[in-house]
Amino acid sequence: MLQPIIEIDGVSKSFGALEVLKDLSFNVAPGEKLALIGPSGSGKTTILRILMTLETINGGTIKVDGEQLWHREHEGGLIPADERHLHKMRAKIGMVFQLFNLFPHKTVLENVTLAPILTKGAGREDAKRSAMTLLEMVGMAEKADAKPAQLSGGQKQRVAIARALALQPKIMLFDEVTSALDPELVEEVLNVMRRLAEETDMTMLLVTHEMSFAHDFADRVLFFDGGRIVEEGPPDDIFTQPKEERTQAFLKKIIAAGQRI
Ligand SMILES: Nc1ncnc2c1ncn2[C@@H]1O[C@H](COP(=O)(O)OP(=O)(O)O)[C@@H](O)[C@H]1O
Ligand SMILES: [Mg+2]
């Protein structure tokens with residue numbers, strides 16, 4: 001493997017007495033497309049939120065792009081990172097959530113330009129130009145002046161993707177971005193992600209219940225259960241000949257619920 005862009009080493013995380021991640025370790029290579037699958041409550045969202053610095057960790061270390069995320073190196077040891085460091089590291093990562101989280105009172109265009117102007121000091125005209133290119137890419141340019149309430153769920157999610165891309169992250173995190181959508185709107189969002197995967201060298205981590213999409217999209221699949229990785233491998237192995245009983249049981253349920261994988 002190349003020098004990993006993400007190195008998660010022995011990470012633990014609890015919410016009160018509930019241990020959600022247990023000594024979790026995995027690496028992600030630059031440009032890799034990784035799918036995280038597993039039952040509800042297995043810790044998939046939590047690890048993405050930790051990478052986004054929306055949740056803290058209780059133990060272990062994480063490196064992003066060669067630098068400690070939650071710590072700073074100091075006199076040969078590690079000390080907790082300060083807000084300035086977290087702010088800098090956050091700029092490397094973009095995230096799209098299950099629920100669109102667009103700013104409701106801003107237009108589509110403003111939703112995409114706001115962060116570059118506020119956090120990166122981009123000029124208004126530059127930010128607009130870049131935003132329009134991104135909106136073009138996700139097929140939403142003609143809705144630039146619309147408000148989120150005027151959009152379908154699939155359209156909102158495509159704007160949310162453009163908004164995350166506007167900060168030019170090296171790493172994109174997608175957390176079940178299609179699971180709140182009506183079935184007929186799922187494909188338009190998956191298509192955008194498919195194009196991103198094909199046309200950019202961004203590192204992408206995807207939590208999804210769309211197994212057929214995960215199969216096509218991912219270079220590697222991690223199967224989570226109970227806050228640990230139970231099994232990992234290339235999609236052809238995980239989806240067609242899973243070794244672990246828990247992976248087999250999970251996929252059986254998915255197929256019984258009517259999904260192709
Ligand atoms: N902020 C929180 N406070 C308390 N418990 C939480 C919080 N966030 C997540 N959890 C719990 O942590 C576990 C893992 O959640 P999550 O990472 O969302 O799982 P997944 O995304 O795999 O469904 C679940 O039991 C969930 O209820
Ligand atoms: Mg989740």
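**Student:** Quick question: what am I supposed to make of the layout of surface pockets here?
**Tutor:** Space left empty within the atom packing is revealed by a probe, the size of a water molecule, rolled over the atoms. Approximately 660 Å³ is the volume found for the largest pocket. The wall of the largest pocket is formed by 24 residues, among which Met52, Arg90, Ile93, Ala115 and Leu167 lie closest to the centre. The element best represented in the lining of the largest pocket is helix α3 (residues 108-120), accounting for five residues. Looking at the lining of the largest pocket residue by residue, the class counts come to 16 nonpolar, four polar and four charged.

**Student:** Would you take a moment to explain the nonpolar core for this structure?
**Tutor:** As a rule of thumb, nonpolar side chains are buried together in soluble globular proteins. Ranked by internal contacts, the top residues of the largest apolar core, which has 52 residues, are Leu135, Ile161, Met172 and Phe174. Those residues within four positions of Phe174 in sequence are excluded, and the remaining contacts are Leu48, Val96, Ile161, Met193, Leu196, Met204, Leu205, Leu206 and Val207. Of all hydrophobic cores here, the second largest spans 32 residues; its members include Val28, Leu34, Leu48 and Ala81.

**Student:** Can you help me understand helix α6 (residues 183-199) in this one?
**Tutor:** At 3.6 residues per turn, the α-helix brings residues three or four places apart onto the same side. The terminal C-alpha atoms of α6, which comprises 17 residues, lie 25 Å apart, in line with the 24 Å expected from a rise of 1.5 Å per residue. Along α6, the residues that are buried comprise Leu185, Val186, Val189, Leu190, Val192, Met193, Leu196 and Ala197. On an axial view of α6, the arc spanned by its buried residues comes to 155°, and they lie on one face. The outward face of α6, more than 90 degrees from its buried face, is lined by the exposed residues Glu184, Glu198 and Glu199. Tucked into the core, α6 has its buried residues touching β3 (33-37), α4 (124-137), α5 (153-165), β9 (171-175), β10 (203-207) and α7 (211-217).

**Student:** Can you help me understand the packing of aromatic side chains in this one?
**Tutor:** Geometrically, a pair of aromatic rings is defined through the distance of the ring centres and the angle of the planes. Scanning the model with the defined rule gives three aromatic pairs in all. Both rings, one in Phe26 and one in Phe224, keep their centres 6.4 Å apart while their planes meet at 90°; by these two values the pair is edge-to-face. Taken together, the residues span a long stretch of sequence, with Phe26 in strand β2 (residues 18-28) and Phe224 in strand β11 (residues 220-225) at a distance of 198 residues. Of the two residues, Phe26 and Phe224, neither departs from the other in class, the shared state being buried.

**Student:** Sorry, what's going on with the side chain of Thr247 here?
**Tutor:** Relative to the helices and strands, Thr247 resides in helix α9 (residues 245-256). Aside from chain neighbours lying at most four places away, what touches Thr247 is Phe223, Val230, Glu231, Ile238 and Pro242.

**Student:** Would you explain unusual backbone geometry in this entry?
**Tutor:** Comment: phi is negative for the bulk of residues other than glycine, and the bulk of peptide bonds are trans. At Asp23, a position not held by glycine, the phi torsion is positive, near 50°. Looking at the element boundaries, Asp23 is found in strand β2. The class for Asp23 is exposed, based on a relative accessible area of 57%. Here Gln168, not a glycine, exhibits a phi torsion of approximately 50°, which is positive. Tracing the backbone shows Gln168 in the loop between α5 and β9.

Conventions adopted
- Residues numbered from 1 in each chain as written.
- Chains lettered and ligands numbered in written order.
- Predicted model: local features only at pLDDT ≥ 70, side-chain atom pairs only at ≥ 80, totals over all residues.
- Heavy atoms only, no water.
- 1 Å grid on protein atoms, 1.4 Å probe; cavity = no way out; pocket = protein on both sides within 12 Å on 5 of 7 lines; lining within 4 Å.
- Points joined across faces, edges and corners; volume = space filled by probe spheres on them.
- Helix = DSSP H or I, 4+ residues; strand = E, 2+ residues; numbered from the N terminus.
- Nonpolar A, V, L, I, M, F, W, Y, C, P; charged D, E, K, R; others polar.
- Core = buried A, V, L, I, M, F, W, Y, C linked by side-chain atoms within 4.5 Å.
- Buried < 20%, exposed > 50% of the residue type's maximum accessible area, 1.4 Å probe, protein only.
- Contact = heavy atoms within 4.5 Å.
- Expected span 1.5 Å × (residues − 1).
- Arc of directions from axis to C-beta.
- Phe/Tyr/Trp six-rings, centres within 6.5 Å; stacked < 30°, edge-to-face > 60°.

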